[in-house]
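Chain by chain, the residues run as shown.
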Amino acid sequence: MRLQTIKLIYLKEILDLLRDRRTIISMLVLPLLVLPLIFLGLNYFLFRSISRAQDKQFNLALKQETGLEGIASSLEQAGFKVRPSDNPRSAVENKETDLGVDVSGETNSPTIRIYADQSQLEATVASGRIETALNQLKEARVKNELQRAGVPERILTPFTVEKVNTAPPKKMSGMFIGAMIGYMFVTFMLMGAMYPAIDMTAGEKERRTMEMILSSPAGRVEIVLGKILVAITASFMTSVMTIISFGVSFFFGMKGFRSARQPQLIMEIPLDAKTFALIFVSIIPMAILSATLMIAIATMAKSYKEAQSYLTPLLLVAIIPAMVSFLPGVKLNAWMALIPIVNFSQLIKELMLGDWSWIGFTLTLLSNLIYAAIAFTGAVMVFKNERILFRT
Amino acid sequence: MINVKDLTKFYQDKKRGKIVAVDHISFEANNGAIFGLLGPNGAGKTTTLRMLATILQPTGGTANIGGHDIVKESQQVRRKIGFLSGDMGLYHRLTPREILRFFGRLNGLNGAGLNQRIERLFELFDMHQFADSKIDTLSTGMRQKTAICRTIVHDPPILILDEPTSGLDVPTAHVVEGYIRDAKVAGKCIVLSTHVMEEAEYLCDRIAVIHQGRIRALGTMDDLRSMTGKNRLREIFIELLGLNETTNNQG
């Protein structure tokens, strides 16, 4: 095996791929575009509409059977346009008003029902506003009664309960982002390797250029190795793009979160230098594995289309185990570290949570390297098998 | 020099069982001469040439190319040969210059020597105008010129050409044939396959007529004429393939 030959093949394939639109799209454009779109979309539609719902003047149908005072005025104060109605429920159901309030029962202890279509985000937020307004009214009344009876107000609050979140901000954001990014890494890394792998193997068969390189002084192992290295580069580049894109969209996305008055969602970017380095290291075996696997399988196909029909289902199947990272409370144990893809997406999540173990990390790395070695042996075998290479 | 001895290739096919593609073929091809494999489609010509180019492994027998065994010293063999196929593709997204650089370097050339060689080839085949355009944008003739240059960029002593003119129009085929004759004069050992009698007669010094994996006749054109007692190329061919009996029976 000569390094010079491998390098020549590597550089030629890189040049060839950089001129292929499909590869550029799957490697650069997808991760650079999809992630920001998800974030901006979230930011725009979710948080924008929450913040709008907090200020918007909603129409409200009010039915008041009892003599309870002050309901209408306190709702109006809370920013609702109140209009009397016989049946607030049907008013909401028929979309005549956004919300409905129904005060019924005895004057002494009436029941107040709030009607809201909770499948609508805005209505849910607005019904929260009604509740707040009514609770304020209730409190004012209680205070009034207490004052009249000469009881001090503090009897209402004999003690205060406070919840303190001990998870550092990094962990909070890691929980949310880690789950997502582990999954996205798997998806993008497989996809990033897929098109280059197809192009360099089945694509080359289809374009009838395979014999040319096979009859050159380059050896088969050198050829496969060069091609695999290119697929690894593609997979790796895709993941770097994913990180960059994630960082950027996260940064701008968070600005939106803050302005949307959602303080509990404010998060830090959970990437210190050490976490970054560890993620970087764990990406490498995964990139090798996905690249080699894609090359091995794509070599068996005789055309670009056939390779696509092999690899697309593989991609879908491989993405399912990556979803394990979405499950809360799952820990990366020794057994799990032996399952390819699951181990990787879980490890990424735990690294971002800052809650990981060296055993899990090392086992994941080692097992992925072993799988990569098996895939590599397979790829070389496929490439040396002339029945497969010259299948017609 | 090429020395082929009992070269054999068979496949196992699930449905059709054992398929013999090449059946104990032996021949010699000399330097400064063109040796032709002539036969109909599926006769085993491409399989033979692919084995000589070390792309396929022989099931039996072997060949010696420029002093190296194709099975045991495949890498040294590949250094000595230039392999070309008429329908062989080129990297679509690269330019002729990039392709020649790549194959030149794979063959151990580099630096000024390689650049000079490439310039000479561009001169020889009048390729300067499209040397830096992507293959995608070139005509068939331009591509075939590029393919030839790719085959000979390292100036190999042995040329293995699989139907080098198939699918080409007359002017382009003429360029290719011109080159093959020049290579012969330059003392190279050339083996080519064709299914066109006229091309075999026009180019080859010696011809092996191959059918169903076996050599049916071997010799100069005159040898073949006296062997069959026929004069016209088509008749010789039909005679050697044993096709005329069936036609007679049917007729």
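Conventions adopted
- Residues numbered from 1 in each chain as written.
- Chains lettered and ligands numbered in written order.
- Predicted model: local features only at pLDDT ≥ 70, side-chain atom pairs only at ≥ 80, totals over all residues.
- Helix = DSSP H or I, 4+ residues; strand = E, 2+ residues; numbered from the N terminus.
- Rg over C-alpha atoms; globule rule 2.2 N^0.38 Å.
- Buried ≥ 20, exposed ≤ 12 C-beta atoms within 10 Å, placed from the backbone.
- Pairing = 2+ DSSP bridges.
- Axes fitted to C-alpha atoms, helices over the stretch in contact; angles between N-to-C directions.
- Contact = placed C-beta atoms within 7 Å.
- Domains from an automatic or database assignment.
- Right-handed = clockwise from strand over helix to strand, strands pointing away.
- Expected span 1.5 Å × (residues − 1).

## A word on the overall build of chain A
Counting its secondary structure elements, chain A contains 14 helices and 4 strands. Over its C-alpha trace chain A gives a radius of gyration of 30 Å, far above what one expects of a compact globule, namely 21 Å for 392 residues. Within the span of chain A, comprising 392 residues, buried residues form 41% of the whole.

## Looking at the sheet that holds strand E3 (residues 99-104) of chain A
Residue and element names in this part refer to chain A. Strand order in this open sheet of 4 strands is E2-E1-E3-E4, and the pairing throughout is mixed. Edge positions in the open sheet fall to strand E2 (80-84) and strand E4 (111-116), since each of these has one partner strand only. Taken over all neighbouring pairs, the strand axes of this sheet differ in orientation by 25° on average, direction set aside. Direction of pairing for E3 relative to E4: antiparallel, over a ladder of 6 bridges. Across the sheet, the residue bridging to Val103 is Ile112, located in E4. Along the sheet, helix H5 (residues 121-149) contacts strand E1 (58-64), E3 and E4; its crossing angle with E4, the most-contacted strand, is approximately 160°.

## Some thoughts on the domain arrangement of chain A
Along its sequence, chain A is organised into domain 1 (3-45 + 168-389) and domain 2 (55-156). Distance from the C-alpha centre of domain 1 of chain A to the C-alpha centre of domain 2 of chain A: 54 Å.

## Re the interface of chain A and chain B
On the chain B side, the residues contacting the 19 residues of chain A number 25 residues. Looking at the side of chain A that touches chain B, the elements that each hand over two or more residues are helix H1 (3-18) and helix H8 (210-214) of chain A. Here the side of chain A that touches chain B gets 5 residues from one element, more than from any other, and that element is H1(A).

## Let's talk about the pairing of strand E7 (residues 158-162) of chain B
Residue and element names in this part refer to chain B. In terms of burial, E7 is a largely internal element, 5 of the 5 residues being buried. Burial along E7 is two-sided: the residues Ile158, Ile160 and Asp162 and Leu159 and Leu161 are all buried. Bridge count for E7 against strand E8 (residues 189-194) is 5 bridges, and the pairing is parallel. Each bridged residue has a counterpart across the sheet, and for Leu159 the counterpart in E8 is Ile190. In this fold, the crossover linking E7 to E8 by way of helix H6 (residues 170-185) has right-handed handedness.

## Things to note about helix H3 (residues 96-106) of chain B
Within H3(B), 9 of the 11 residues are buried, leaving the element largely enclosed by the surrounding structure. Taken together, the buried positions of H3(B) are occupied by B:Pro96, B:Ile99, B:Leu100, B:Arg101, B:Phe102, B:Phe103, B:Gly104, B:Arg105 and B:Leu106.

## So, H5(A)
Spanning 29 residues, H5(A) covers 42 Å between terminal C-alpha atoms, matching the ideal 42 Å at 1.5 Å per step. When we look at burial in H5(A), the residues that qualify are A:Ala126, A:Ser127, A:Ile130 and A:Leu137.

## Some words on unusual backbone geometry
We note that A:Lys95 has phi near 60°; this positive angle belongs to a residue other than glycine. By the element assignment, A:Lys95 lies in the loop between helix H4 (88-93) and E3. Owing to 9 C-beta atoms within 10 Å, A:Lys95 belongs among the exposed residues under this scheme. Notably, B:Asp6 is not glycine yet its phi reads approximately 50°, a positive angle. The residue B:Asp6 is located in strand E1 (residues 2-13) in this model.

## Regarding the sheet that holds strand E2 (residues 17-29) of chain B
All names here are of chain B. What the 4 strands build is an open sheet, ordered E2-E1-E4-E5; its pairing is antiparallel. Of all the strands in the sheet, just E2 and strand E5 (68-69) have a single pairing partner and so form its edges. Both strand E4 (residues 60-65) and E5 contribute to a ladder of 2 bridges, which runs antiparallel. What sits directly across from Asn64, in E5, is Asp69.

## Observations concerning the pairing of E3(A)
Residues and elements named next belong to chain A. Taken together, the 5 bridges between E1 and E3 define a ladder with parallel strand orientation. Within E3, the residue paired with Leu60 across the bridge is Leu99. The hairpin turn running from E3 into E4, its antiparallel successor, is 6 residues long, and Gly105 in that turn takes a positive phi close to 95°.

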